[in-house]
Amino acid sequence: MLREIAAAAISRAIVNVQPFDPDAAANYAMSAIPRLLQPWILKELHMADTRACPAFCQAVAESRIRNGESCRVVGEAFGVERGWITMRTLGRVAVEGPAGKRVRDGESCRAVGKDHGIENDDDAMNALEMIAVNGPAGTRVRNGEPCLTVANDHGIRLYDDAMDALEMIAVEGLAGTRVRNGEPPDIVAREHGMRPLQLPLEALEMICVEGPAGQRVRDGERCDTIAEEYGLRFFGEARPALEMIAVKGRAGECVRNGESYEDVAKVFGIESFGPAMDRLREISARSQSHRAASSAIAPQHIASHADTTPACLAPTSSLEPSRARSQIAGDSIRETDRAARRLRDKSVAESRVRGGESCLVVGNAFGIKRDTIAMRELQRVAVEGPAGKRVRDGEPCLAVGNDHGIEEYDDAMHALEMIAVNGPAGARVRNGESCRTVGKDHGIRSDDDAMDALEMIAVNGPAGERVHNGESCRTVGKDHGIRPFDDAMDALEMIAVSGPAGARVRNGELPDVVGREHGIRSLGLPFQALEMICVESFAGQRVRNGERCDTITKAYKLCGFGKATQALEMIAVEASAGERVRNGESCRDVAKAHGIGKEGAAMDALKMIAVDGPAGARVRDGESYKDVARAFGIRPFDAAMIRLRKISDRLQSSRAALSAITPSHTDTTPVRLASPFPALETFRTRLRIAEASIRETEDAARRLRDIHVKEGGEARLSDTSRM
């Protein structure tokens, strides 16, 4: 009874006290309760949880959460357990309030979720991550930063809707633009930090198919060649879409013109199983039926158009066309029967394979040989039917393939392995098991692309999480069965470079020490990226301040022949070394002074600066290009030497053209002394050359006119003589 009275009073207080304040609402509720009952009501409220006075307690809890308290702490105070609807409501309040504000300001979703006690609430974390995607994280991706780096920085989980949305921002922005301009989708996706085997990558591939790849197929190029060149995945939707473009274009036209659909598929690089091959087969069957129907002319039509002369009196030649037509009609009917028989046999064979029989056994029964298109079609039916179902249920791919007549290196075996990767094998790897162990249990070959996909699942899941938390890539890779020289290990090391390892280098630590402690291989691309972080921060600044490149390289223990050293030398060229060469110093001397190597892009840049500046000017002034090259330290086979030689040749050609003036107007010109006004003298020289050219043009025109007049006179004389 007391709880009912308290609940009614509190409900009125919640409605009337706006904006809500717990203390004001409590005072309002107490004023509506008789004085004698207030001590017992206060006792009930003191012991109340959400089940006693749900409205009031929930309002108090939401008020505390809006003030920044953790949902876990508030829930424990009010007896709200994890998983209750009330706890989800509290998580929503946190996301709409202080937690969401912190994420909009750029903080990590993972850290914010932990602080506000919602890290185990999937709905709240998804909403929090979408705030980051629609805010600072999405802005960074639009500016070209890799999705994986941005996701790590903002604490976005790699296998949630928010990560898909983040990658779609890249697809709709810079990544999609690069693919439309002709770059391969797999390279663009890797550079933009997009996960393999996910829908955004498929969207990127479809952009390629609708753009440059599709246009090349329309122009007649092979589908398999283009798919391989653009890195389109075998098991995605892009390859079938690319093949359908060929079917709707030239490939379909060839089949309609009577060519074999199997030969056309081989010519255009269309896979033996898939929607494109089915469409070609359908076009072929329809065209054969149409030709058979058009050629099978009934005898009564021939008789109706024949002559009325009796057959015994008719000439033999009049019967020949009728016999020829009958022969053609018979051949067409027989061909149609054979085609129908083949289709019937194919249907029966596929039905037996769907029933669980081996493709090899069924193929032998119907005369289908191995490594033929028909056998691959049977294997496709097995993969889409009983074999694929067994693999989804967890059976090993190799054992299943052996039972269903699928050999180890068939395309169908790869398809089975990808079913395992996208199903039970991938689920085990996401739970932290070793890729090597899972691959062995599920019969996935270690040298197949399916194993690469399995390793990438580990990288984008538990392995990447451990590396992001600071563990060694080598240790994590060994624990998760990631092979040391695969793309997955590169991706794992790039997570370290984008996260804790890169942060340490930016704080001034040596790249080789950081790389060794984080298990990053010294000869891989991730280590070069780690060195580039050093170059872009402390090392590059020291070079801009005038220190020698080789000294900085030794100080930071950078690879002497890697990209970092080259970038360091280019910084020196752009800072002060290039300016010294523009002022006339030798490239060799400047390079030695700045510690720039004799070979490389920086030395070539210095030489080209010399050619575009003082070295080229000296050659234009008449000096020998060989002497100038020697003075600036340019070697005979350098690109700069070729440029100098071209400048010299062009100068000599122009001088020869100026000196080739007719002697008739130069011999009579008196010798003149050098003018004290060189500009005026140049103008006079050009004027004389122009006048001489005009005179020569007038003389040539006069000669042509005389020749014309002479020929016209001879023509008139010949006409007069004929008369």
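Residues numbered from 1 in each chain as written. Predicted model: local features only at pLDDT ≥ 70, side-chain atom pairs only at ≥ 80, totals over all residues. Heavy atoms only, no water.

Draft legend 1. Layout of the overall build of the protein. When you go through the protein residue by residue, the secondary structure sums to 45 helices and 0 strands. Evaluated residue by residue, the protein yields a buried proportion of 42% over its 723 residues. Pairs at least 24 apart in sequence give 61% of the contacts found in the protein among residues at least 6 apart. Element-wise, carbon and sulfur atoms account for 54% of the exposed surface of the protein, whose accessible area totals about 39100 Å². (Helix = DSSP H or I, 4+ residues; strand = E, 2+ residues; numbered from the N terminus. Buried < 20%, exposed > 50% of the residue type's maximum accessible area, 1.4 Å probe, protein only. Contact = heavy atoms within 4.5 Å. Areas by Shrake-Rupley, 256 points an atom, 1.4 Å probe, with all protein chains shown as cover.)

Draft legend 2. A look at helix α43 (residues 625-632). Among all positions in α43, only Y625, V628, A629 and F632 are buried. Here the buried residues of α43 occupy an arc of 100 degrees about the axis, which is enough to place them on one side. Buried positions along α43 lie against α40 (587-594), α41 (601-612), α42 (614-620) and α44 (639-659). Downstream of α43 by a residue or two, G633 has a phi angle that is positive, lying close to 75 degrees. (Arc of directions from axis to C-beta.)

Draft legend 3. Structural context of the pattern of salt bridges. Counting across every chain of the model gives 48 salt bridges. Close ionic contact of R635 with E599 constitutes a salt bridge, the shortest N to O distance being 3.0 Å. With R635 in the loop between α43 and α44 and E599 in the loop between α40 and α41, the pair connects residues that are 36 residues apart, well separated along the chain. Classification of E599 as exposed rests on a relative accessible area of 55%. For R618, the salt bridge is made with E623, and the minimal N-O distance between the two is 3.1 Å. Given a relative accessible area of 30%, R618 falls into the partly exposed group. Each of D278, R281, E377, R380 and E384 takes part in a single network of salt bridges with overlapping partners. (Salt bridge = Lys/Arg side-chain N within 4 Å of Asp/Glu carboxyl O.)

Draft legend 4. Quick peek at the packing of helix α31 (residues 449-459) against helix α34 (residues 487-498). Look at α31 against α34: their axes get within 9 Å of each other, and the N-to-C directions meet at 15 degrees. When the interaxial angle is binned, α31 and α34 end up roughly parallel. Considering the relative orientation of α31 and α34, their crossing is right-handed. Facing E455, M456 and V459 of α31, the residues of α34 in contact are A488, A491, L492 and I495. (Axes fitted to C-alpha atoms, helices over the stretch in contact; angles between N-to-C directions. Parallel < 35°, antiparallel > 145°, perpendicular 65-115°, else oblique. Left-handed = near helix turned anticlockwise from the far one by under 90°.)

Draft legend 5. Structural context of the nonpolar core. Membership of the largest hydrophobic core comes to 161 residues, with the highest contact counts inside it found for L166, I270, I444, L454, I596 and L606. In contact with L166, not counting residues within four places along its chain, are V133, A137, G138, V141, C147, V150, A151 and I156. (Core = buried A, V, L, I, M, F, W, Y, C linked by side-chain atoms within 4.5 Å.)

Draft legend 6. Here's a closer look at the side chain of H594. Among the structural elements, H594 can be located in helix α40. The buried category is assigned to H594, whose relative accessible area is 8%.

Draft legend 7. How the structure looks around the environment of A539. Of note, A539 is situated in helix α37 (residues 525-544). Its relative accessible area of 0% is what places A539 among the buried residues. Distance in space between the C-alpha atoms of A539 and T553 is 8.2 Å, their sequence separation being 14 residues. When residues no more than four places from it in sequence are discounted, the contact partners of A539 are C534, I552, Y556 and L568.

Draft legend 8. Structural context of the packing of helix α39 (residues 563-582) against α41. Packing of α39 against α41 brings their axes to within 10 Å, and their N-to-C directions diverge by 25 degrees. In terms of axis orientation, α39 runs roughly parallel to α41. Like other packed secondary-structure pairs, α39 and α41 cross with a definite hand, here right-handed. Two secondary-structure elements touch here, α39 through E569, M570, V573, A577, G578, V581 and R582 and α41 through A601, A602, A605, L606, I609 and A610. By residue class, the composition of the contact of α39 with α41 is 10 nonpolar, 1 polar and 2 charged. (Nonpolar A, V, L, I, M, F, W, Y, C, P; charged D, E, K, R; others polar.)

Draft legend 9. Representation of the environment of D452 within the structure. For D452, the position within the fold is in helix α31. What D452 contacts, discounting residues up to four positions off in sequence, is R483 and D486.

Draft legend 10. A look at unusual backbone geometry. Despite not being glycine, K557 has its phi angle at roughly 55 degrees, a positive value. Take K557: it is sitting in the loop between α38 (549-555) and α39.

Draft legend 11. Representation of helix α9 (residues 122-133) in the model. Its 12 residues give α9 an end-to-end C-alpha distance of 16 Å, which sits within 8% of 16 Å, the value for a rise of 1.5 Å per residue. Residues A124, M125, L128, E129, I131, A132 and V133 constitute the buried set of α9. (Expected span 1.5 Å × (residues − 1).)

Draft legend 12. Just the environment of E531, in detail. Among the structural elements, E531 can be located in helix α37. Residue E531 is classed as buried on the basis of its relative accessible area of 1%. Separated by 20 residues in sequence, E531 and P511 place their C-alpha atoms 5.9 Å apart. Ignoring anything within four residues of it in the chain, the contact list for E531 reads P511, K557, L558, C559 and A564.

Draft legend 13. Representation of the confidence of the model for the protein in the model. Summing up the model confidence of the protein, the mean pLDDT is 78 and the portion of residues at 70 or higher is 74%. Low pLDDT (under 50) marks residues 714-723, which in the prediction has 0 contacts with non-local residues, meaning those over four places away or in another chain. (pLDDT = per-residue confidence, 0-100.)

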